[in-house]
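Here's the letter readout for the chains.
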Amino acid sequence: MTLQATVLGGSPHGVLMKYRQMMHEGKISEEKYLAKLEAQTGKFIRFQLRLGVNPVSDGLLEWDDLFAPYCRGALAGAERGSLIRFFDNNVYYRRPVITAKLRLNSPVSSSTLMRALNYAAPGRFKGFIPGPETFVRLSEDKYYQSADAFVLDVAQVLREDLSYLIGKGVGAVEVFDPSLSYASSERLTLLKPIYQDFIRGFEDKTWIALPYFWPRREVIDWLADVGLTTVCPDFSPTTFHSGDNVNDFLGTLAALKRWLSELSPLTRQMGFILGLTDSRNTLVEQASYIRDAVDAAVETGAKVRGVSNNGTLDLLPESVAFKKIRVLAKAAKSWSGGER
Amino acid sequence: MELLPTTVIGSYPRPNWLKHALSLYRRGKIGESELESAMDDACKLVLKEHELAGVDIVTDGEMRRDEMVEFFAERLEGYRFYGDVRVWGTAHYNKPAAIAPIRYKAPMLVSEFSFARSCTSKRVKATITGPYTLADWSYNEYYGSKREFVMELAHVVRQELRNLVSAGADFVQVDEPALPTHVNEIELAKDGFNEAVRGVDAKTAVHVCYGDYSVMLPYLNEFNTSQFALEFANRRFSDLELFKQSDFKKELGFGVIDVHNRRVETQEEVEHGIKLCLNYLEPDKVYVNPDCGLKLLPKEIAFQKLVAMVNGTQKVRSQLTRR
Ligand SMILES: [Zn+2]
């Protein structure tokens, strides 16, 4: 059995932050900034390819936050609003403010994909979009006034992006959707047909990432019911301890095993990408810990497709983030090679 | 003291020449004493700008601090640094990691406070990052629980606060922007704060910004402080009714200036904001301040914003006294 290592969310922006700052201050031209963006994207993709990461991510190096590319013109009807903390992280995003009916002017991922495809074959690349529920929960709606109409339109425009990416032949699309983790049962019922339409025809290539919350059984069952085949839950110690990074690897591993041993018949059919490396703490996991966690998961009968970080690596210093990717890749390779 | 005292949260943009001096220092082109002298000059300039704008309670703009967690972590034992982490846009900091017990080494703010006080006749507010935020905005590779980490930092902050008071500080603002981050840890943040100010003989304020106030409101009256200085302009003066509903008993430092927007508020907007606030709180319970530190703005804009803040406040003041 082969285990894949993959990178969820974005990568630290590193030197690009400085370039972007210089561009804003008029010290360098936009062309110069874009050339650097291109170079850094290439560097990040080649780094993953060398390690055998599959599929690779472009690191979302031009995403200021989860919604910025949409609210800067790609999505008519959405503007950038006030600065808000992003879940329980010391990171902030600009809240989308919805002022008119949403309409996608152009696929947000087109420029990203163009750049990425210079370095990786489409099938080896993982696209990225925010999840509809997260988009809705983290926005300020001044137009729809009806929660149902709002999420319906958001799901439709995001589907256009999803369909663009899949049409280009990407290996997978990560749908970053932490807000699903706290949707009520009634809300999940309402969302079911909307998500079914959102992923229709793309069930096999759409991964739902659920960072920052320990997986809620009802939500994972719901995802299976909706027809999703791959889910990326957050099994990191920080998330196990509700945001408190106390490095409890043994406790987390035991909890992961307990959690997976109680899968329903439906979720037993789903593929799991286990979010094992903690993108909210600098302590670098041992490859042996990751292998142990995979062993424990496999023993429960869960379909383990791969291992990943738990959420965006942009929450870490670059040097640590890269170390964590290396460990993931090393663990996946050695596990697949039979080293248990 | 007049009604509606105006103040700042702390940080202020560094003058360009100070940035230049810092870059020369980092490249070894100037020495420590030259940099110190440039820092002293910058502090005098900021104090003067605060005075010129008409601010009642001033700071030195935290000229000597690169960042509010990094600055302290660099001066304590037990931390390690791995490199910059982005906070939003291109704003970033060198987020520290606790890798061993955190220990107090020597006073961190006493000399900067004493210097500022010697340069102005205005009341100077000392500002320090609170124990909960110091813990929450660091990585933890060492402590077995967040409580252990926070309480250790509370002892460190308490030591520093006592030293500041000995040096003459009579108003200290403890910055706890992380306070509303984890709903289940607000009690812990409160315990950390109360431990940090135990036996500290000075007026204190707690600064919080950019979070969900509703989750922290039930705890605020239990903080041993007289004031909460909060961001409100960014949220377009919403959430005030929550304070009324929760029987908020402290003074409110009311944020009327959006520090993440370069557009300078008009004095009418400031006036409007304060009046909204006064619908919910008595005027003698209200201080006026920007939402947060001004350091990310261009300096000229920061100054103009302070002028608008003071002018708008004066407008309301004169209306209150005419009543
Ligand atoms: Zn603040």
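This section reports on the structure supplied with the text. (Residues numbered from 1 in each chain as written. Chains lettered and ligands numbered in written order. Predicted model: local features only at pLDDT ≥ 70, side-chain atom pairs only at ≥ 80, totals over all residues. Heavy atoms only, no water.)

The next thing to look at is the sheet that holds strand β3 (residues 91-103) of chain B. All names here are of chain B. Pairing within the open sheet is mixed, and its three strands lie in the order β2-β3-β6. With partners counted over all chains shown, the strands left at the sheet margins are β2 (77-88) and β6 (139-140), one partner each. In the sheet, β3 pairs with β6 via two bridges, with the strands oriented parallel. Among the inter-strand pairings, A97 is bridged to a residue of β6, identified as Y139. (Pairing = 2+ DSSP bridges. Helix = DSSP H or I, 4+ residues; strand = E, 2+ residues; numbered from the N terminus.)

A separate point is the interface of chain B and chain A. Residue-level contacts link 33 residues of chain B with 35 residues of chain A. In total, about 2900 Å² of surface goes out of reach between chain B and chain A, with carbon and sulfur atoms giving 48% of it. Summed over the three residues of chain B that lose the most area to chain A, namely B:R86, B:T90 and B:Y139, the buried surface amounts to 24% of that side. If you look at where chain B meets chain A, you find three salt bridges. In this assembly, chain B and chain A are joined by 17 residue pairs in polar contact (both at pLDDT 80 or more). Where the side of chain B that touches chain A is concerned, the elements lending two or more residues are β2, β3 and β6 of chain B. (Contact = heavy atoms within 4.5 Å. Buried area = accessible area lost by both parts, 1.4 Å probe. Salt bridge = Lys/Arg side-chain N within 4 Å of Asp/Glu carboxyl O. Polar contact = N/O pair within 3.5 Å; in protein donor to acceptor, adjacent residues only side chain to side chain.)

With that settled, consider the sheet that holds strand β3 (residues 92-104) of chain A. Through backbone hydrogen bonds, the strands of a sheet pair up, either in parallel or in antiparallel fashion. Residues and elements named next belong to chain A. Taken in spatial order, the three strands line up as β2-β3-β5 in an open sheet, and their pairing is mixed. Looking at which strands have only one partner, the edges of the open sheet turn out to be β2 (75-85) and β5 (140-141). Alignment of β2 against β3, held across eight bridges, turns out to be antiparallel. Counted as the bridge partner of E79 is V97 from β3.

For the rest of this paragraph, the subject is the environment of A:A209. Residue and element names in this part refer to chain A. With respect to the element layout, A209 can be found in strand β7 (residues 206-210). Note: C-alpha distance between A209 and P178 (31 residues apart in sequence) is 7.0 Å. Leave out the neighbours within four places in its chain, and A209 touches L8, E174, V175, F176, D177, P178 and C232.

None of this, on its own, says anything about what the molecule does.
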